[in-house]
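# Chains, contacts and geometry: an overview
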Amino acid sequence: MAIQISPSILSADFARLADEVEAVAGAADWLHVDVMDNHFVPNLTLGLPVVESLLKVAPLPLDCHLMIEDPDRWAPAYAEVGAQSVTIHAEAAKAPVRTLRAIRAAGARAGLALNPATPVDGYADLLGEIDMLLVMTVEPGFGGQKFLDLVLPKIRRARELIRNADASVWLQVDGGVSAETIERCAEAGADVFVAGSAVYGEKDPAAAVEHLRALAERATAR
Ligand code: DX5
Ligand code: ZN
């Protein structure tokens, strides 16, 4: 299980996105792009045109987290323009199997996200359809929220289901992940860590990524 860090540009300076991306280029594994539509979540960020522009300059693959209504209609396009990973929310998708297959068919990794109150057990049968399961550790919508410890049992349960299914599914956590909370997530079985404020809120974002990675690696080695 290799530890991966995916800095969220939600906490970056949107007027200087190319520079902000460059700041973590040598340190991070992915760039986490939060797409919010002001309907599925009470916040509005960016969409397909910005993702297309980022793809032209980004030195890292894009991990697009779609917090939008009707992902069945909009998600495949993110994969078609070249995003390397596209994650949809289980709560928003009406035909998740079809949409996840369309994402894969367009050449991207397919991800399924679960809000804090959404149980994972009902999705065990979909593990063969996905490359990554995202367990949200805050209610989606905003950066800088407090990590929800109540999600830790679900991370453990998700890791157990992945192991039982013998599936090569990455287990991502997103929300409130910091130097203070990352070890708990890693111990529970997460292997891909999104961090917004804990990376872009620091003076040296690349050093922050390396520090988070070291903490997660140490926690999984224990
Ligand atoms: C929240 C987003 C996160 C957000 C995380 O809805 O999905 O990706 O950027 O920000 P932090 O790490 O500050 O909680
Ligand atoms: Zn996110």
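Keep in mind that what you see is a predicted model, and the values were worked out from it rather than measured. (Residues numbered from 1 in each chain as written. Chains lettered and ligands numbered in written order. Predicted model: local features only at pLDDT ≥ 70, side-chain atom pairs only at ≥ 80, totals over all residues.)

## Here we look at the nonpolar core
By size, the foremost hydrophobic cluster in this structure holds 76 residues, and its most contacted members are Val 86, Val 135, Ile 155, Leu 171, Phe 193 and Leu 212. In contact with Val 135, not counting residues within four places along its chain, are Leu 114, Val 151, Lys 154, Ile 155, Ala 158, Leu 171 and Val 173. (Core = buried A, V, L, I, M, F, W, Y, C linked by C-beta atoms within 7 Å. Buried ≥ 20, exposed ≤ 12 C-beta atoms within 10 Å, placed from the backbone. Contact = placed C-beta atoms within 7 Å.)

## Observations concerning the UniProt feature "active site" (unreviewed entry) in the protein chain
Under the local residue numbering, the UniProt record ascribes the feature "active site" (unreviewed entry) to Asp 34 and Asp 174. The named residues occupy 141 residues along the chain; their greatest pairwise C-alpha distance, 10.6 Å, places them in one compact cluster. Note on Asp 34: 24 C-beta atoms within 10 Å, which makes it buried. Leave out the neighbours within four places in its chain, and Asp 34 touches Ser 8, Leu 10, Thr 45, His 65 and Met 67. (UniProt positions renumbered as here; feature names shortened; annotations may be inferred.)

## Some details on the packing of helix H3 (residues 71–80) against helix H4 (residues 96–105)
For any two helices packed against each other, one specifies the inter-axial angle together with the distance between the axes. As a packed pair, H3 and H4 sit with axes 8 Å apart at the nearest point and diverge in direction by 10°. As summarised for this structure, H3 and H4 are arranged roughly parallel, according to the angle between their axes. Taken as a pair, H3 and H4 cross one another with a handedness that is right-handed. Residue-level contacts link Pro 71, Asp 72, Ala 75, Pro 76 and Ala 79 of H3 to Arg 98, Thr 99, Ala 102 and Ile 103 of H4. Split into classes, the residues belonging to the contact of H3 with H4 amount to six nonpolar, one polar and two charged. (Axes fitted to C-alpha atoms, helices over the stretch in contact; angles between N-to-C directions. Helix = DSSP H or I, 4+ residues; strand = E, 2+ residues; numbered from the N terminus. Parallel < 35°, antiparallel > 145°, perpendicular 65-115°, else oblique. Left-handed = near helix turned anticlockwise from the far one by under 90°. Nonpolar A, V, L, I, M, F, W, Y, C, P; charged D, E, K, R; others polar.)

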